[in-house]
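# Inside the fold
Residues per chain are reported as follows:
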Amino acid sequence: MSALADEAPLAAPLVNATRFRTAHESDWARLDALLTRIEKRSVRALSDEDLLALPLLYRTALSSLSVARETSLDRALTAYLEQLCTRAYFQLYGVPTSLSRQLVHFFAIGWPMAVRALWKETLFCVLLLAVGTATGFMLVAHDPAWYYSLIPDGMSGGRDPSASVATLRDTIYGESKRDSMLGAFATFLFTHNSQVAIFAFALGFAFAVPSLLLLVYQGLTLGAMLALFFSKGLGPGFVGWLTIHGTTELFAIAIAGAAGIRIGTAVALPGRETRIDAAVRAGRATGVAMAGVVCMLLIAGLLEGIGRQTVQVDAWRYGIGLAMLFAWLTYYYLPRGQGGRDALAVAR
Amino acid sequence: MRWPWPASRPPRNLQGFRRSFVTPEGVDLRLELGSAAARAGAFILDWVIIVLIAVAATLAVITLGIAGAGSEILAVIWLIGLFVLRAGWFTLFEMGTRGATPGKRLLGLRVIARDGARLTGAAVITRNAMREIEVFLPLSFLGQQTAQGAADGFLVLFALLWSGIFLLFPLFNRDRLRVGDLLAGTWVVHNVRHKLGADLVGSAAARPTRVFSEAALDLYGIYELQTLEDVLRNARPEAITTVAATIRRKAGIADDGDDYGFLSDYYAALCARLERGMMLGRRRADKHSRVAVR
């Protein structure tokens, strides 16, 4: 250092940045080229040799950055090294595992674990649904006028206390006009229900109150419908009509509500953690469960759109519905081996 | 001391959107957060692309339907397609290796986990599910009400207030977090590729240099040096003339007619001097900080 400072004053001053650039520029350029290739195409565009060189070049660039920050005043140099290291960091550390492995992990471990972790909230939501249903049932059973205030006109589709038994029977067993487009109907149901579920989940952020209200309301309408059909002597048929897809759909809605409640309570009652840390933990844990809910609703949509319209026998409808419920319960809550222990990091 | 801040304090705008982000190797990358404007721009871009695709798909389905293709299959594909577009566009793109939707990529943004770990699918799902209540809920609600002609003043006001709280949420916290970012533990950073600028000192070394007095080099600190670097790199004639005139006036140097050459030489000399000071533990942040001159 001092040798340089002592040189004749007329010689061009040589600064650290210049020396540093000449010494390392080729390494940076190579890393830059490799990163550009990965970003434009994919990691597969690199040869084995380049792939092995990547981490070394990354560490070289990182150490260059540290040195440049401490010894050089060339801002262009530090800015360049910062973006180079950042891009390299994302390529080396930030890239998720391959989509297929993520999917396998999701179905085998991530989804059931995430739902199981929500069991308390799920149970609470199921109870809430049941309370709502019972309330709706009793209200309408006492005074059919309640039916009109609980169920909006658009939703009833002619199913109200003034309808004849034959009309109501038709809505359960009849060849509906949608029969010609079963697949489309199923898809419509799936997309619509999924939007509602995502919505119920997102609303949980407001201290879970909207999620709870949505669940109770869902129960109320269900109870009102039940009361209507039971009063006309069509109870068992209606329950069958509902069970075939309802076990899956209501379960999914309960899980979505549970996920919302988890977030809402984490925000409202963070416990020992900071509010944000608690929210992040709850948010990540429930994200997986929500992906599962969308899958469940896809199945529910298929059962409702296609299964219910083609299966007209009560016994079969009950059978399919209960079998689905049993399958979900086994999938979520049956104890598993310790093989997927690391997955708990996601579920917790 | 200068009113109203102590002079040693770094300029606010330099620190504003830089966030510490330490790699496992222990180096702080000092990531720059995406600005609210860039993020809003990215969202609008994405939304425009989504709407264009949706319209194109709808037109295609209609023409195919008129041509007499299987209407049910078409309807299924159309419904699923729209759902995937709306619910999956952001999620699927952000789960990919680039961590950004096309709109974000165009504006040089990227989603990352705040804790430095890899971005998980769960975080991306949560982040984007929240968009439902942030943007789509008030918009679709408003649209529905307007379509029915039932949008009275109170409802409109409520919808605007609701979306206002969530839309402007990023402006009210230090890290520009959306509600979704907050819950998912993510943030959006600038991730732009740029080239290494030419070495200013190295290029100055090729020519015979001017010699500056100690007093002339004692005028400025690191902040001014780096501002001068920007002036030289941008090379706007009027800026160079102004800066050169100012430095000459302060240092009492006669005008020799070569502004750019003068500034390059001054930059090189000042840079060498400040660096030398830095190596000896005397870092001079800007022209206001006093360093004992021997």
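## Section: the overall build of chain A
When helices and strands are tallied, chain A shows 15 helices and 0 strands. Burial status across chain A gives 51% buried among its 348 residues. Contacts spanning at least 24 positions in sequence make up 78% of the contacts within chain A whose residues lie at least 6 apart. As displayed, chain A has an accessible area near 16,300 Å², and 67% of this comes from carbon and sulfur atoms.

## Looking at the overall build of chain B
Summing up its helical and strand segments, chain B has 13 helices and 4 strands in all. Expressed as a percentage of its 294 residues, the buried residues of chain B come to 41%. In chain B, once contacts between residues fewer than 6 apart in sequence are set aside, the share between residues at least 24 apart is 68%. Counting only carbon and sulfur atoms, one obtains 65% of the accessible surface of chain B, whose full area is about 15,600 Å².

## Overview of helix 2 (residues 36-67) of chain B
Look at helix 2 of chain B: 46 Å from first C-alpha to last across 32 residues, which is about the 46 Å you get at 1.5 Å a residue. Downstream of helix 2 of chain B by one or two residues, glycine 68 of chain B has phi in the positive range, about 95 degrees.

## So, the packing of aromatic side chains
All names here are of chain B. On inspection of all chains with the given rule, the structure shows 26 aromatic pairs over all chains. Seen in terms of ring centroids, tyrosine 220 and tyrosine 266 are 6.3 Å apart; in terms of plane orientation they differ by 90 degrees. Their pairing is edge-to-face. In this pair, tyrosine 220 is assigned in the loop between helix 10 (214-217) and helix 11 (222-234) and tyrosine 266 in helix 13 (residues 259-279), connecting sequence segments 46 residues apart. Relative accessible area serves as the criterion here: at 0%, tyrosine 266 is assigned to the buried category. One Lys or Arg, arginine 131, reaches over the ring of phenylalanine 90 and ends 3.9 Å from the middle of that ring.

## Some points on the confidence of the model for chain A
Residues and elements named next belong to chain A. Considering every residue of chain A, the mean pLDDT works out to 80; 84% of them sit at 70 or more. Contacts from residues 1-12, a stretch scored under 50 in pLDDT, to residues over four places away or in other chains number 8 contacts. Below pLDDT 50 for its whole length, residues 338-348 participates in 12 contacts with residues either more than four positions away or in separate chains.

## What about the packing of helix 13 (residues 275-310) of chain A against helix 5 (residues 121-129) of chain B?
Where helix 13 of chain A contacts helix 5 of chain B, the axes come no closer than 7 Å and their chain directions differ by 85 degrees. The orientation of helix 13 of chain A with respect to helix 5 of chain B, classified from their angle, is roughly perpendicular. Side by side, helix 13 of chain A and helix 5 of chain B meet where Gly283, Arg284, Gly287, Val288 and Ala291 of chain A of the first sit next to Ala122, Ala123, Ile125 and Thr126 of chain B of the second. Tallied by class, residues from the contact of helix 13 of chain A with helix 5 of chain B come to 5 nonpolar, 3 polar and 1 charged.

## Here we look at the pairing of strand 3 (residues 109-113) of chain B
Residues and elements named next belong to chain B. Taken across its 5 residues, strand 3 has 5 buried, putting it largely inside the fold. Both faces of strand 3 are covered, namely the face carrying Leu109, Val111 and Ala113 and the face carrying Arg110 and Ile112. As paired elements, strand 3 and strand 4 (residues 186-190) share 5 bridges and run antiparallel to each other. Its bridge partner being in strand 4, alanine 113 is matched across the sheet by threonine 186.

## Structural notes on the interface of chain A and chain B
When the parts of a complex come together, some accessible area is lost, and that lost area is often taken as the interface size. Taken together, the contact pairs 73 residues of chain A with 82 residues of chain B. In this assembly, chain A packs against chain B so that about 6,600 Å² is buried in total across both faces, 64% of it on carbon and sulfur atoms. When the buried surface of chain A facing chain B is broken down by residue, Leu73, Arg75 and Arg284 of chain A rank first, second and third, together holding 13% of it. Taken together, the connections running from chain A to chain B amount to 6 salt bridges. Measuring nitrogen to oxygen at the nearest pair gives 2.5 Å for the salt bridge that ties arginine 75 of chain A to aspartate 230 of chain B. Linking chain A to chain B there are 13 residue pairs in polar contact (both at pLDDT 80 or more). Of all the elements in the fold, those that place two or more residues in the side of chain A that touches chain B are helix 2 (16-40), helix 3 (48-71), helix 4 (75-94), helix 10 (182-203) and helix 13 of chain A. Among the residues making up the side of chain A that touches chain B, the classes are represented as 40 nonpolar, 19 polar and 14 charged.

## Structural notes on a nonpolar patch on the surface
A cluster of nonpolar residues, Val51, Val55, Leu59, Ile62 and Ile66 of chain B, forms a patch on the protein surface that exposes about 480 Å² of accessible area. Tracing the backbone shows valine 51 of chain B in helix 2.

## Let's talk about the pattern of salt bridges
Residues and elements named next belong to chain B. Counted under the stated rule, the structure contains 27 salt bridges over all chains. One salt bridge connects aspartate 181 with arginine 127, and the closest N-O pair in it is separated by 2.7 Å. On the criterion of sequence distance, the pair formed by aspartate 181 in helix 8 (residues 179-184) and arginine 127 in helix 5 is long-range, its members being 54 residues apart.

## Comments concerning the confidence of the model for chain B
For chain B, the average pLDDT comes to 79, and 84% of its residues sit at 70 or higher. Low pLDDT, under 50, characterises residues 1-14 of chain B; the predicted model gives this stretch 8 contacts beyond four residues in sequence or across chains.

## So, the packing of helix 13 of chain A against helix 14 (residues 314-333) of chain A
Packed helix pairs are specified by the crossing angle of their axes together with the interaxial distance, meaning the distance between the axes. Residue and element names in this part refer to chain A. For the pair helix 13 and helix 14, the least separation of the axes is 12 Å and the interaxial angle reads 170 degrees. With respect to their mutual orientation, helix 13 and helix 14 come out roughly antiparallel. Listed contacts from helix 14 to Met296, Ile299, Leu303 and Arg308 of helix 13 are Arg317, Ile320, Met324, Trp328 and Tyr332. Class assignment of the residues belonging to the contact of helix 13 with helix 14 gives a composition of 7 nonpolar, no polar and 2 charged.

## Examining the nonpolar core
Counting residues in each nonpolar core, the largest one holds 113 residues, and the members touching the most others are Leu81 and Phe205 of chain A together with Met130 of chain B. Per-element accounting of this core gives the leading share, 12 residues, to helix 12 (residues 235-268) of chain A. No fewer than three residues from each of domain 1 (16-93) and domain 2 (102-347) of chain A sit in this core. Among the nonpolar cores identified, the runner-up in size contains 18 residues, and Val140, Ile151, Ala224 and Ala227 of chain A belong to it.

Rules used in this analysis
Residues numbered from 1 in each chain as written. Chains lettered and ligands numbered in written order. Predicted model: local features only at pLDDT ≥ 70, side-chain atom pairs only at ≥ 80, totals over all residues. Heavy atoms only, no water. Helix = DSSP H or I, 4+ residues; strand = E, 2+ residues; numbered from the N terminus. Buried < 20%, exposed > 50% of the residue type's maximum accessible area, 1.4 Å probe, protein only. Contact = heavy atoms within 4.5 Å. Areas by Shrake-Rupley, 256 points an atom, 1.4 Å probe, with all protein chains shown as cover. Expected span 1.5 Å × (residues − 1). Phe/Tyr/Trp six-rings, centres within 6.5 Å; stacked < 30°, edge-to-face > 60°. Lys NZ or Arg CZ within 6 Å of the ring centre and 35° of its normal. pLDDT = per-residue confidence, 0-100. Axes fitted to C-alpha atoms, helices over the stretch in contact; angles between N-to-C directions. Parallel < 35°, antiparallel > 145°, perpendicular 65-115°, else oblique. Nonpolar A, V, L, I, M, F, W, Y, C, P; charged D, E, K, R; others polar. Pairing = 2+ DSSP bridges. Buried area = accessible area lost by both parts, 1.4 Å probe. Salt bridge = Lys/Arg side-chain N within 4 Å of Asp/Glu carboxyl O. Polar contact = N/O pair within 3.5 Å; in protein donor to acceptor, adjacent residues only side chain to side chain. Patch = residues over 30% accessible without salt bridge, like charges linked within 9 Å, V, L, I, M, F, W, Y side chains within 5 Å. Core = buried A, V, L, I, M, F, W, Y, C linked by side-chain atoms within 4.5 Å. Domains from an automatic or database assignment.

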